[in-house]
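# Fold and contact review
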Amino acid sequence: MNNIDNIINYLNGSNDFIVTSHINPDGDNIGSTLSMYYFLKNLNKRVYYVLDDSAPLNLQFLVNDINRISSQEFKEMNINDYNLVALDCGDKNRICLDDNIMSNCNKLINIDHHDSNDLYGDYYYVVKDASSTCELVYNLLKRNEEITKVKTIDEKIATCLYTGLMTDTGKLTYSNTQASSFDMAKNLLLAGADTQLVVQSVFGSNPFNFYKLLGEALNSLEITNIKIATMCVTQDMLKRTGVDFKDTDGVTPYARDIENVEIGILLKEKGNNEIKVSLRSKSYADVSKIAKVFGGGGHIRAAGCTIYDTIENAKEKIIQEALKEI
Ligand code: AMP
Ligand code: MN
Ligand code: MN
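Given the structure is predicted, the values throughout are model-derived calculations rather than measurements.

With that out of the way, let us pick up the packing of aromatic side chains. The full count for this structure, using the stated rule, is 5 aromatic pairs. Taking the centre distance of 5.2 Å and the plane angle of 85 degrees together, the rings of Phe74 and Tyr82 count as edge-to-face. Residue classification places Phe74 among the buried residues on the basis of a relative accessible area of 2%. The buried category is assigned to Tyr82, whose relative accessible area is 2%. Both rings, one in Phe210 and one in Tyr211, keep their centres 5.5 Å apart while their planes meet at 85 degrees; by these two values the pair is edge-to-face. In this structure Tyr211 comes out as partly exposed when scored by relative accessible area, which is 44%. These aromatic residues form a ring-pair network of at least three members: Tyr48, Phe74 and Tyr82. Seen from the ring of Phe203, Lys171 lies directly overhead, with NZ or CZ sitting 4.4 Å from the centre. The ring of Phe245 has Lys268 lying over it, and the distance from NZ or CZ to the ring centre is 5.2 Å.

What follows is the structure in structure tokens.
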């Protein structure tokens, strides 16, 4: 049931938790997971951060003093009695840990803001037009403060929540930004969020090599029918510039932010015939529809999918679908 109070009661009344999120961690993923982690730790719960993927460089500052473990490491601990809190995961298949860890949990709690969320789990708190999962965690913690009369959002939690808010809203500029998002930003600042640490780390610390990669990616820019821009990041580019695949998210907005372009598409070669596609739109195109054609999902203005083909074929296929949305 979509009831924030039931989730708060459940979290307060149980003792052992896994917190987790989706593959290819972004700021909202890590911000929401770690704010939940610290919240539960502050309640003296046993909490495990299980995720079979690692943080990009620009989000390392959040995970530095946290012990992230893999599914395998969790299994070796032989813990049988636990609940699973999945944050920022649009569907069950995107939860980035082993299926049997998921199926053996007592209760699955789904906190998310993806349009494609099918309300899986024993408890869910899903608001599809929320700016970020961090905004939902923020609502939950504020409500916890109201119910328990105990200050819940400390500096660390505020910093985590601020990160997800800034990354999913493009620093409060995208159309998913609501009045409540500005309120949240203000209240997090008052609660002691290190806002400069967040923006300097996330947006202002690109390694020099990143710009070399960006240059190569910009060289691959192509425009179709004025409104569609595509860009590519190939394995060769990654090798030449020494940039890791997980540190390429900063390239994505460049395709969208071109005059007259409505849909920006970044195709990234993750492996042989495995193309991760990031789709962004500016004002009217629903890119989640395009992503869904290829088994992906996301939001109206930001979505993703993986196409198993060569990068050239993937580009052709995605452009054909994008043309239907402009
Ligand atoms: P990205 O392009 O990876 O930054 O993702 C943009 C948005 O789409 C994020 O909200 C992702 O969680 C979502 N997304 C990306 N890839 C997928 C996928 N394969 N399936 C469902 N949602 C996705
Ligand atoms: Mn995310
Ligand atoms: Mn999100």
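From this point, the discussion proceeds with the structure in view.
This part covers the domain arrangement of the protein. In terms of domain boundaries, the protein breaks down into domain 1 (4–203) and domain 2 (208–325). Computed from C-alpha atoms alone, the centre-to-centre distance between domain 1 and domain 2 is 27 Å. At the junction of the two partners, domain 1 supplies 13 residues and domain 2 supplies 12 residues. Taken over both partners, the interface formed by domain 1 and domain 2 buries close to 980 Å², and the fraction arising from carbon and sulfur atoms is 44%. Area buried by domain 1 at its contact with domain 2 is led by Asn24, Asp115 and Tyr174, which between them contribute 38% of it. Summed over the shared surface of domain 1 and domain 2, the number is 0 salt bridges. Taken together, the links from domain 1 to domain 2 amount to 5 residue pairs in polar contact (both at pLDDT 80 or more). Split by residue class, the side of domain 1 that touches domain 2 holds 5 nonpolar, 6 polar and 2 charged.

Strand order across the open sheet formed by 6 strands is 3-2-1-4-5-6, with parallel pairing between neighbours. Pairing within the sheet leaves two strands with one partner each, and these edge strands are strand 3 (68–69) and strand 6 (123–126). Bridge count for strand 5 (residues 108–112) against strand 6 is 4 bridges, and the pairing is parallel. Each residue of the ladder has a partner; that of Asn110, found in strand 6, is Tyr124.

Okay, the nonpolar core next. Counting residues in each nonpolar core, the largest one holds 53 residues, and the members touching the most others are Leu11, Leu34, Met36, Ile111 and Leu140. In this structure, Cys232, Leu267, Val277 and Ala322 belong to the second largest nonpolar core, which totals 20 residues.

Every protein donor of the manganese ion (ligand 3) is listed here as Asp28 (OD), Asp88 (OD), His113 (NE2) and Asp168 (OD), and their distances to the metal cover 2.2 to 2.3 Å. In terms of primary sequence, the donors binding the manganese ion (ligand 3) are separated according to D-x59-D-x24-H-x54-D. Taken as an interatomic distance, the gap from the manganese ion (ligand 3) to the manganese ion (ligand 2) is 3.7 Å; Asp88 donates to each of them. With a gap of 85 residues between them, Asp28 in helix 2 (residues 27–42) and His113 in the loop between strand 5 and strand 6 connect regions that are remote in the sequence. An identical accessibility class is assigned to Asp28 and His113; each is buried.

A word on unusual backbone geometry. Backbone geometry places Asn44, a non-glycine residue, at a positive phi of 65 degrees. Here Asn44 is to be found in the loop between helix 2 and strand 2 (46–50). Not every positive phi belongs to a glycine, and Leu172 is a case in point at roughly 65 degrees. In this structure, Leu172 sits in the loop between helix 7 (155–168) and helix 8 (179–190).

Neighbouring ligand 1 are 13 residues; Arg94, His114, Lys276, Ser278 and Arg280 lie closest to it. With respect to ligand 1, the side chain of His114 contributes an N or O atom lying 2.8 Å from an oxygen atom. Within the complex, 85% of the 470 Å² of free accessible area of ligand 1 lies under protein. Elements represented by at least two residues in the shell around ligand 1 include exactly strand 10 (274–281), strand 11 (297–298) and strand 12 (302–307). The element that contributes the greatest number of residues to the shell around ligand 1 is strand 12, accounting for 4 residues. In the shell around ligand 1, the residues fall into 3 nonpolar, 7 polar and 3 charged.

Rules used in this analysis
- Residues numbered from 1 in each chain as written.
- Chains lettered and ligands numbered in written order.
- Predicted model: local features only at pLDDT ≥ 70, side-chain atom pairs only at ≥ 80, totals over all residues.
- Heavy atoms only, no water.
- Phe/Tyr/Trp six-rings, centres within 6.5 Å; stacked < 30°, edge-to-face > 60°.
- Buried < 20%, exposed > 50% of the residue type's maximum accessible area, 1.4 Å probe, protein only.
- Lys NZ or Arg CZ within 6 Å of the ring centre and 35° of its normal.
- Domains from an automatic or database assignment.
- Contact = heavy atoms within 4.5 Å.
- Buried area = accessible area lost by both parts, 1.4 Å probe.
- Salt bridge = Lys/Arg side-chain N within 4 Å of Asp/Glu carboxyl O.
- Polar contact = N/O pair within 3.5 Å; in protein donor to acceptor, adjacent residues only side chain to side chain.
- Nonpolar A, V, L, I, M, F, W, Y, C, P; charged D, E, K, R; others polar.
- Pairing = 2+ DSSP bridges.
- Helix = DSSP H or I, 4+ residues; strand = E, 2+ residues; numbered from the N terminus.
- Core = buried A, V, L, I, M, F, W, Y, C linked by side-chain atoms within 4.5 Å.
- Donors = N, O, S within 2.8 Å, 3.2 Å for Na, K, Ca; no water.
- Near = heavy atom within 4 Å.
- Areas by Shrake-Rupley, 256 points an atom, 1.4 Å probe, with all protein chains shown as cover.

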